[in-house]
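Residues per chain are reported as follows:
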Amino acid sequence: MKLHEIARQARALGIVMGENSGNRERQEKLLEMLHFNSGNFYQEIEMDDPLVQTQEDISTTEDVVGLHSHVYYEIIFIRSGNLQYLIGTRRYRIQRGDILLIAPGVSHRPLFLERLQEKYARIVVWVSPACAELLRTQWPDMAELNRLPCMLRTGDLPTDSIAAYEAAFRRGVREYTAAEPGWEAAVFANTLQLFVSLRRDFGSGRVAQPAAEKRELLDEIMSYVEDHLAGHITLDDTARQFHVSASTVSQLFRKRMGVSYYRFVTQRRLIAAKTLIKEGTALDTVAESVGFSDYSGFYRAFKQEYGISPTRFKTL
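This is a predicted model, so every value here is computed, not measured.

*Asks:* I'd like a description of the pairing of strand E4 (residues 84-87), backed by residues and values.
*Replies:* What you see with E4 is no split at all: Gln84 and Leu86 on one side and Tyr85 and Ile87 on the other are buried throughout. Here 4 bridges tie E4 to strand E5 (residues 90-93), and the two strands are oriented antiparallel to one another. Of the residues in E5, the one forming a bridge with isoleucine 87 is arginine 90. In this antiparallel pair of consecutive strands, E4 and E5, the connection spans 2 residues, and glycine 88 shows a positive phi of 65 degrees.

This is the structure in structure tokens:
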């Protein structure tokens, strides 16, 4: 479902999209009113616009966002928030001015491992694959953006860089929200200027990439799952691999990720499946490649997670 359709339904129920001011239970109740599964809400959102769209989001409590990926590029400018962010199998502690560059098919989610001391405020830009291809075709130098790290720290740039980037991101939101004549061109032009700035500031490699958090047992297990998606992964086998008990692994995922170990494995398999589907891989082969014993089991899991069939997803 497209974002404007979700917003329309929310307004009819008196819900303000883009701002989370309730506790987790209230958020889940609101999503239930909108007929969304809180665990896969972000999986189901489609872009409203063919090239670029942008919005500002604010959370004052832990979000209900689960592990997910998109078929488009996502750029997140962090305005505030004391939390970590999982991109792939690496965790990063974010700070004001950080920019997250998340490519299509890359799994990610915020991690609320401690109580929020300040609101989690961010500006999000979605860029369609068609827009990215247009940029690469017209301006080949922009292809360098694909080689940038997934985490950029504007705070490591010269003074006032955070304010300059924030102003640019907010300008895009104002244009998109006001929707005055020519706003589509203005949003595209603003996004292009952002890309140019990112290319100049970070493409040279002069600014060091922020280090990921020190690896812990959770990180090692996530990497193990990533490397064995096509195989038969069990909780007991994973526990033996890391010389801990099955209950230790289970409790670790419940406490840190908010989901069971098997739920996490299924999420990772389905995210990998989405990428293979978009690459044109036959659906039967996709199911086998990501560890499902038969297509029917894969179909049921995919439909339950995303609300659509693999065949329907292929056409999006």
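*Asks:* Give me the lowdown on the packing of aromatic side chains, citing residues and values where you can.
*Replies:* Using the criterion set out here, one finds 14 aromatic pairs in the structure. Between tyrosine 295 and tyrosine 299, the aromatic rings sit 6.2 Å apart at their centres with planes inclined by 50 degrees, giving tilted as the arrangement. Pair noted here: tyrosine 295 and tyrosine 299 are both in helix H11 (residues 295-306), with a separation of 4 residues, about one helical turn. For tyrosine 299, a relative accessible area of 32% translates into the label partly exposed. Taken together, the ring pairs connect Phe292, Tyr295, Phe298, Tyr299, Phe302, Tyr306 and Phe313 into an aromatic cluster. One residue, arginine 122, lies across the ring of tyrosine 120, its end atom 4.0 Å from the ring centre.

*Asks:* How would you sum up the nonpolar core? Please name residues and give values.
*Replies:* Residues Val225, Phe253, Met257, Tyr261, Phe264 and Phe298 are the most contacted members of the largest nonpolar core, which totals 34 residues. Only helix H6 (217-227), helix H7 (235-241), helix H8 (246-256), helix H9 (261-278), helix H10 (283-289) and H11 provide two or more residues apiece to this core. Examining the composition of this core, we find that 8 residues originate from one element, H9, more than from any other. Sequence-distant contacts of valine 225, that is, excluding residues within four places in its chain, are made with Ile233, Tyr261, Phe264 and Val265. Membership of the second largest hydrophobic core comes to 30 residues, among which are Ile162, Phe169, Val187 and Phe195.

Criteria and cut-off values
Residues numbered from 1 in each chain as written. Predicted model: local features only at pLDDT ≥ 70, side-chain atom pairs only at ≥ 80, totals over all residues. Heavy atoms only, no water. Buried < 20%, exposed > 50% of the residue type's maximum accessible area, 1.4 Å probe, protein only. Helix = DSSP H or I, 4+ residues; strand = E, 2+ residues; numbered from the N terminus. Pairing = 2+ DSSP bridges. Phe/Tyr/Trp six-rings, centres within 6.5 Å; stacked < 30°, edge-to-face > 60°. Lys NZ or Arg CZ within 6 Å of the ring centre and 35° of its normal. Core = buried A, V, L, I, M, F, W, Y, C linked by side-chain atoms within 4.5 Å. Contact = heavy atoms within 4.5 Å.

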